[in-house]
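Now for the letters of each chain:
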Amino acid sequence: MLARNADITRRTILEAAFEEIRIYGFQAASLSHILDKVAVTKGALYHHFPDKKALGYAVIDEIIKEMVINKWVIPLATGNPIDALLQSLQQEGCKLAEEERFIGCPLNNLAQELSALDEGFRQRIQHIYTLWGSGISDALKRGQAEQSVRPEIATDAAATFIIAAIEGCLGMAKNSNNINLLYQCGAGLSHYLETLRLNPKP
């Protein structure tokens, strides 16, 4: 029971830290704010995470990695990969439209903030991008085998472009604070995805 309670406390701290970092970035994130949200002592936090950097690493390794895999990789495991990608794009757009403040993609935000400053952050972020890209590429290869994706498509290159487009769309919309820009960019990406079909929809 004690071990389970410790696991729950650790996860609660991580989720609060993720929200703090998502809004303010890692460097400006306040441990005091995180502690206030979860109502735990500073000693309890340091029991699980020896310093702020370790907490940031864990947020990437566990919370953000899980988020990307659940949102962008697992939905591609079965069915038509183009349809699955389009559905994920639509769901993400709808979710972001409901937020009071558009703050972009947590993974991309951290990549821009920290990749040049800390090798540990850079490697962890790159690992997630690699998993994401592999998930898309594997799905497109499966689509080629099932004759739903054009056989001449270079799946690794297409996956890299798709991720770059998604992250670029989110970054531009964040900078402009304009959700309509995200929709415009998303429409362009959706059009590109349709061109990957072996038999485009009429």
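These numbers were taken from a predicted model, which means no experiment stands behind them.

### Regarding the layout of surface pockets
Alright, step 1. By volume, the largest pocket amounts to about 250 Å³.
Alright, step 2. In terms of lining residues, the largest pocket is bounded by 20 residues, among which Met67, Lys71, Glu92, Gly104 and Pro106 are the most central.
Alright, step 3. Where the lining of the largest pocket is concerned, the elements lending two or more residues are helix 1 (2-24), helix 4 (52-73), helix 5 (81-97), helix 6 (106-114) and helix 8 (155-176).
Alright, step 4. It is helix 4 that provides the largest number of residues to the lining of the largest pocket, a total of four residues.
Alright, step 5. Space inside the second largest pocket adds up to approximately 200 Å³.
Alright, step 6. Taken together, 14 residues line the second largest pocket, and the ones lying closest to its centre are Leu89, Glu92, Gly93, Leu182 and Gly186.
Alright, step 7. Of all the elements in the fold, those that place two or more residues in the lining of the second largest pocket are helix 5, helix 8 and helix 9 (179-195).

### Here we look at the packing of aromatic side chains
Alright, step 1. In the structure shown here, the tally under the stated rule is five aromatic pairs.
Alright, step 2. Centroid distance Phe161 to Tyr192: 4.8 Å. Interplanar angle 65°. Geometry classified as edge-to-face. You can see Phe161 sitting in helix 8 and its partner Tyr192 sitting in helix 9, a full 31 residues away along the chain.
Alright, step 3. Three or more aromatic residues link up through ring pairs in this structure, and these residues are Phe26, Tyr57 and Phe121.
Alright, step 4. One Lys or Arg, Lys52, reaches over the ring of Phe26 and ends 5.0 Å from the middle of that ring.
Alright, step 5. Geometry around Tyr57 places Arg124 over its ring, the cationic atom sitting 3.8 Å from the centre.

### With respect to the packing of helix 6 against helix 7 (residues 119-145)
How two helices pack is summed up by the angle between their axes together with the distance between the axes.
Alright, step 1. At a closest axis distance of 10 Å, the pairing of helix 6 and helix 7 adopts a crossing angle of 145°. For helix 6 against helix 7, the interelement crossing comes out left-handed. Between helix 6 and helix 7, the residues in contact are Leu107, Asn108, Leu110, Ala111 and Leu114 and Phe121, Ile125, Ile128, Tyr129 and Trp132, respectively.
Alright, step 2. Residue composition of the contact of helix 6 with helix 7, by class: nine nonpolar, one polar and no charged.

### Notes on the side chain of Glu20
Alright, step 1. Looking at the secondary structure, you find Glu20 in helix 1.
Alright, step 2. Those residues within four positions of Glu20 in sequence are excluded, and the remaining contacts are Gly25, Ala29, Ser30, His33, Ile34 and Lys37.

Definitions and limits used
Residues numbered from 1 in each chain as written. Predicted model: local features only at pLDDT ≥ 70, side-chain atom pairs only at ≥ 80, totals over all residues. Heavy atoms only, no water. 1 Å grid on protein atoms, 1.4 Å probe; cavity = no way out; pocket = protein on both sides within 12 Å on 5 of 7 lines; lining within 4 Å. Points joined across faces, edges and corners; volume = space filled by probe spheres on them. Helix = DSSP H or I, 4+ residues; strand = E, 2+ residues; numbered from the N terminus. Phe/Tyr/Trp six-rings, centres within 6.5 Å; stacked < 30°, edge-to-face > 60°. Lys NZ or Arg CZ within 6 Å of the ring centre and 35° of its normal. Axes fitted to C-alpha atoms, helices over the stretch in contact; angles between N-to-C directions. Left-handed = near helix turned anticlockwise from the far one by under 90°. Contact = heavy atoms within 4.5 Å. Nonpolar A, V, L, I, M, F, W, Y, C, P; charged D, E, K, R; others polar.

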